[in-house]
Amino acid sequence: MEKKAEDAQASQQDDLGLGKNTLAILSVGILVVFLLIVAGIYFWVSKKSKGEVVFPAGVNYTGQETQNPTQSPQRPQYDYAALAATTDSIPFTSPKGQYTFAYPPGMIPLIFPGDPNDSVTFDVSDVPAQFNLMVLVESISNYDPKLRGRQEQFVRNYWQFFPGLKGVNTIETSENEKGLTGWKVSYITKGDTVTSVNYFFTIPGDSDKILHVNNIFPSEGEGVFAKILGSLEYKK
Amino acid sequence: MKKIINWNRFIVILVIAIIVAGISILHVIVGYAKTPGGMVYLWTGHYYLDYFEYVQAIVQGMRGKWLWENYFATDDPTRSFLGIWQYLLLGKIGKIFHLDPISTYWLEVFLFSFIFAILIFQIIKKLMPDSLFVHKLCAFFLSLFAAPFYQIVKDSTQWKLISYGFWNDRNIFWERFESIPYHTISHILSLLVILLLADSLEKAHRLTSRSVLFRGLLGGFILIYLLLFSPSSALLLILTIFLVTFVYSVWSLKQKQKKYQNLILFAGIIFVLVIPVGILIRNHLNSTASRLVLEFESGWQERPGFRLMILTLGPVLIASFFGISNFLMRMTAIRFIFLSLLTISYGIFFSPVASYLGTTNTRFLTPLSYILFSTMAVLRFKSARSAIVVTFILLLFFLPANIEGFRSILNDRNISSPISYLPKGIIEGFRYLDKISEKGNALTTPSQFLGSVLPIYTDRHVYVARHNTTPNYIEKNIRASNFYLGTMTKGEALEFLSKNNLKFVVLTSIEGYEVKPLYLYSFLKEIYKNKDIVIFEVKKS
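What counts and how
- Residues numbered from 1 in each chain as written.
- Chains lettered and ligands numbered in written order.
- Predicted model: local features only at pLDDT ≥ 70, side-chain atom pairs only at ≥ 80, totals over all residues.
- Heavy atoms only, no water.
- Helix = DSSP H or I, 4+ residues; strand = E, 2+ residues; numbered from the N terminus.
- Contact = heavy atoms within 4.5 Å.
- Areas by Shrake-Rupley, 256 points an atom, 1.4 Å probe, with all protein chains shown as cover.
- Salt bridge = Lys/Arg side-chain N within 4 Å of Asp/Glu carboxyl O.
- Buried < 20%, exposed > 50% of the residue type's maximum accessible area, 1.4 Å probe, protein only.
- Pairing = 2+ DSSP bridges.
- Axes fitted to C-alpha atoms, helices over the stretch in contact; angles between N-to-C directions.
- Parallel < 35°, antiparallel > 145°, perpendicular 65-115°, else oblique.
- Left-handed = near helix turned anticlockwise from the far one by under 90°.
- Nonpolar A, V, L, I, M, F, W, Y, C, P; charged D, E, K, R; others polar.
- Expected span 1.5 Å × (residues − 1).
- pLDDT = per-residue confidence, 0-100.
- Bend = angle between axes of the 7 residues up to and from the residue.
- Polar contact = N/O pair within 3.5 Å; in protein donor to acceptor, adjacent residues only side chain to side chain.
- Phe/Tyr/Trp six-rings, centres within 6.5 Å; stacked < 30°, edge-to-face > 60°.
- Lys NZ or Arg CZ within 6 Å of the ring centre and 35° of its normal.

Caption draft 1: Highlighting the overall build of chain A. Each helix and strand counted, chain A has six helices and 12 strands in total. Taking contacts inside chain A between residues at least 6 apart in sequence as the whole, the part at least 24 apart equals 43%. In the form shown here, chain A has an accessible surface area of approximately 13000 Å², with 54% of it arising from carbon and sulfur atoms.

Caption draft 2: Spatial organisation of the pattern of salt bridges. Summed over all chains, the structure comprises 17 salt bridges over all chains. Between Arg156(A) and Glu152(A) there is a salt bridge, with its nearest N and O atoms 3.2 Å apart. One end of the pair, Arg156(A), and the other, Glu152(A), are both in helix H5 (residues 151-157), four residues apart, so they sit about a helical turn from each other. The salt bridge partner of Glu53(B) is Arg466(B), with a shortest N-O separation of 2.7 Å. In this pair, Glu53(B) is assigned in helix H3 (residues 48-62) and Arg466(B) in the loop between helix H21 (454-457) and helix H22 (473-485), connecting sequence segments 413 residues apart. Arg466(B) sits in the buried class, given a relative accessible area of 6%. Salt bridges sharing partners connect three or more residues here, namely Asp50(B), Glu53(B) and Arg466(B).

Caption draft 3: Examining the sheet that holds strand E12 (residues 233-234) of chain A more closely. The strand order across the open sheet built from three strands is E3-E4-E12 (chain A), with neighbouring strands paired in antiparallel fashion. Two strands lie at the open edges of the sheet, namely strand E3 (90-93) and E12 of chain A, each paired on one side alone.

Caption draft 4: Region of interest: the environment of Phe398(B). All names here are of chain B. Within the secondary structure layout, Phe398 lies in helix H19 (residues 384-411). Along the primary structure Phe398 and Phe145 are separated by 253 residues, whereas in three dimensions their C-alpha atoms are 7.0 Å apart. For Phe398, the residues in contact, after removing those within four places along its chain, are Leu142, Phe145, Ala146, Ala147, Pro315 and Val316.

Caption draft 5: Quick look at the sheet that holds strand E5 (residues 441-443) of chain B. Residue and element names in this part refer to chain B. The strand order across the open sheet built from four strands is E5-E6-E8-E7, with neighbouring strands paired in mixed fashion. What marks the edges here is a single partner per strand, and that holds for E5 and strand E7 (524-529). Direction aside, the axes of adjacent strands within the sheet are offset by 30° on average. Here three bridges tie E5 to strand E6 (residues 502-508), and the two strands are oriented parallel to one another. Opposite Ala442, over in E6, you have Phe504 as the bridge partner. Strands E5, E6 and E7 of the sheet are contacted by H22, whose axis makes an angle of about 75° with E6. Strands E5, E6, E7 and strand E8 (533-538) of the sheet are contacted by helix H23 (residues 490-499), whose axis makes an angle of about 110° with E6.

Caption draft 6: Structural context of unusual backbone geometry. All names here are of chain B. A positive phi angle, near 60°, is found at His98, a position not held by glycine. Structurally, the position occupied by His98 is in the loop between helix H4 (85-96) and helix H5 (101-127). Notably, Phe449 is not glycine yet its phi reads approximately 55°, a positive angle. Tracing the sequence through the fold places Phe449 in the loop between E5 and H21.

Caption draft 7: Structural view of the packing of helix H8 (residues 181-203) of chain B against helix H9 (residues 209-229) of chain B. Residue and element names in this part refer to chain B. Following both chains from N to C, one finds H8 and H9 inclined at 160°, their axes separated by 10 Å at the closest point. In terms of orientation, H8 lies roughly antiparallel with respect to H9. In the crossing of H8 with H9, the sense of the turn from one axis to the other is left-handed. Contacts between H8 and H9 involve Tyr182, Ile185, Ser186, Leu189, Ser190, Val193, Leu196, Asp199, Ser200 and Lys203 from the first element and Arg215, Leu218, Gly219, Ile222, Leu223, Tyr225, Leu226 and Phe229 from the second.

Caption draft 8: Representation of the packing of H5(B) against helix H16 (residues 333-349) of chain B in the model. Residues and elements named next belong to chain B. Relative orientation of the contacting elements H5 and H16 amounts to 115°, with a least axis distance of 8 Å. Only Ile334, Arg335 and Phe338 of H16 make contact with H5, whose side of the interface consists of Ile123, Lys126 and Leu127. A class-by-class count of the residues in the contact of H5 with H16 yields four nonpolar, no polar and two charged.

Caption draft 9: Layout of H9(B). For H9(B), which comprises 21 residues, the first-to-last C-alpha distance of 31 Å matches the rise-based estimate of 30 Å (1.5 Å per residue) to within 8%. Along H9(B), the residues that are buried comprise Val212(B), Arg215(B), Gly216(B), Gly219(B), Gly220(B), Ile222(B), Leu223(B), Ile224(B), Leu226(B), Leu227(B) and Phe229(B).

Caption draft 10: Inspection of the confidence of the model for chain B at higher detail. Looking at chain B as a whole, its pLDDT mean stands at 90, while 97% of the residues score no less than 70. Per-element confidence in chain B ranges from a low mean pLDDT of 67 for helix H12 (residues 290-298) of chain B to a high of 97 for H5(B).

Caption draft 11: Geometry of H19(B). All names here are of chain B. Here H19 contains 28 residues, and its C-alpha end-to-end distance of 40 Å stays within 8% of the 40 Å for a straight helix at 1.5 Å per residue. Approximately 35° is the largest bend angle found in H19, and it occurs at Leu399, with the proline Pro400 only one to four residues beyond. Between the side-chain oxygen at the start of H19 and the backbone nitrogen of Arg385 there is a gap of 3.3 Å, and the oxygen is on Ser383.

Caption draft 12: Quick look at the confidence of the model for chain A. Residue and element names in this part refer to chain A. Residues at a pLDDT of 70 or more form 78% of chain A, whose mean pLDDT is 79. The weakest mean pLDDT in chain A belongs to strand E2 (residues 59-61) at 34; the strongest belongs to strand E10 (residues 198-203) at 93. pLDDT under 50 marks residues 57-73. Its contacts with residues more than four places away, or in other chains, come to 26 contacts.

Caption draft 13: Structural detail: the packing of aromatic side chains. For the structure on display, the rule yields 64 aromatic pairs over all chains. Taking the centre distance of 5.8 Å and the plane angle of 90° together, the rings of Tyr47(B) and Tyr48(B) count as edge-to-face. Comparing Tyr47(B) with Tyr48(B) shows no difference in burial state: the two are buried. Relative to Phe496(B), the ring of Phe483(B) lies with its centre 5.7 Å away and its plane at 45°, an arrangement referred to as tilted. Of the two residues, Phe483(B) sits in helix H22 while Phe496(B) sits in helix H23, which places them 13 residues apart along the sequence. Phe496(B) shares its class with Phe483(B); the two are buried. Grouped by ring-pair contacts, the aromatic residues Tyr78(A), Tyr80(A), Phe92(A), Tyr99(A), Phe101(A), Tyr103(A), Phe122(A), Tyr199(A), Phe201(A), Phe217(A) and Phe225(A) constitute a single cluster. The ring of Tyr370(B) carries Arg176(B) above its face, with NZ or CZ at 4.4 Å from the centroid.

Printed below as a string of structure tokens:
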């Protein structure tokens, strides 16, 4: 009975039509080839990446070592005129897939993994990026549950949730090229300055969420912001 | 009958498992290759903030700890999640082999992926006992590399491949062989429970009570272990055990066979052990910081339509329909177990149960379902040549989606994060901090989440790291910022440092804060500086 089992096994050894140890030798050969491929990928990638130094938040550094450790890391230097003029664009989808927009090639969007507001921004001012968000999805009930479904009132009252603000400066309805509707508003700070323009777009079918867009760009970047704003869409 | 090991086939499977394990870490090898000069790569092959938590737990194990402690806050050492403790054990194993924490992590990813692949083949062998080796091999390849359907579209500039799918759908290789040791451990344990259950069902008629008791206890303890870090996997298995033993018991009762008594005993031991522990764990999760995660996840439910589901599961699902009749013709215990597991998995996924349990329904999608689909698909073919041809065609079809999946991982900003590469000087500074004998916590800025990295290199708590692990994160974020911006008075700054036992203040070149305000604090003494980091000690007087 044991011999029968051996014969059965022996005959099954050839179901690939290969010789006795061919399978094992072939397998080891494939493993060697795989390891060579991995080594090849490693050397090719390391050669291709030579000279690139990437600092956090995507800032590309030219490779000069800083002598003075007190210097701040370089912010990306954008040529806003060229960026506004280009017809090329790169699609962006928010980390949670709630909205999309297109931005000019050469710009580096910054996201914040784990952020419940699904926000994105660009490093375009002196304010640290995490305090200068460009797009975020806000939940109205987080501010005041009674304002849920009353988006316009929320927008008019938004300044009340921030101790640095004291009122609304201007407010008007707004619609972007992709059909998002809402309001364009600026607020007055306690120091009597006017904030940058904020856009709040309602989200169809959701009375609690609102898409908040903040114009974080300097004046020379207005054209770029307008392109981004115009391409903004909410993904269903 | 004496079992003869076919060494040739054994080597084939071994080689495939090694290759699979190698592919599972290929993205970090590429990441390492990209390391710029003067930088250190932190091997972030998974969502970086979670990854640093796991590596830090490995560090704790290497430092001799047996209970995990939250190093990412100065005021809440107990903030934790249950499953993290096993990383301490992995750290202790790594220390035995004189490995550093990051090497330990990735060697363990490699090892567990290897074991998982081997087990998949073992399961396929049991699912296809009458098939030729080549058929099993085909099913093995399909289960490893199955991918979804995809479309090729052209946007304004280039052609793009877009795979069908949704978050956490497990439909490509890298979502089944994840770079997270305890996820792979959960799959390994699930397969072991399935093997134990199948073996127990087949032998139920001749098992002694002692043997049943042992098997029940073994299964129960494995499931309790699973409950600690993968309760969704444990629940799937518990329900599968319930369904399968119920059906088998009813059937054997009808056949007037005594084995139903053993089956009821086996399942009963498991339920008596596991259900109370499951309730305790659920209550524990609801009472801790994990509650926030539960609330978040319970709102995150994927509801794909029927069409999207088919497209997501991919061609292997379609192919499996053609082999169903051959699969059902010879119903074995393990085949029935897998059918039950699949039914329960998709049943929960499409139901509101997950939301009620406080988790996302995607956690109930098991990668093990691809083993079943692949087996069924190959069973369609009696001839080895047909099986090889169809498998080859399917693998070719899968290739673009798998390549695209790999590219996505390489470009994923959660993986190639802002702090995946750090200047060498920063790591040297962190290591210097570890050499100082004086105890005390360290302050880092909230920018760039370096608070998540520092405790990997030094045995000190940090004031602020990331949302999940640092309670009152926003408030601490602002307070730390104010300190670094120099907007606190001397008294406020001293009180802030003293209240949180912050003995060291760290600032690096990548965080965007000026160092000058720190020099204006008279109570700070510079103790270390290089071009990338400066470290101050809070003077005692």
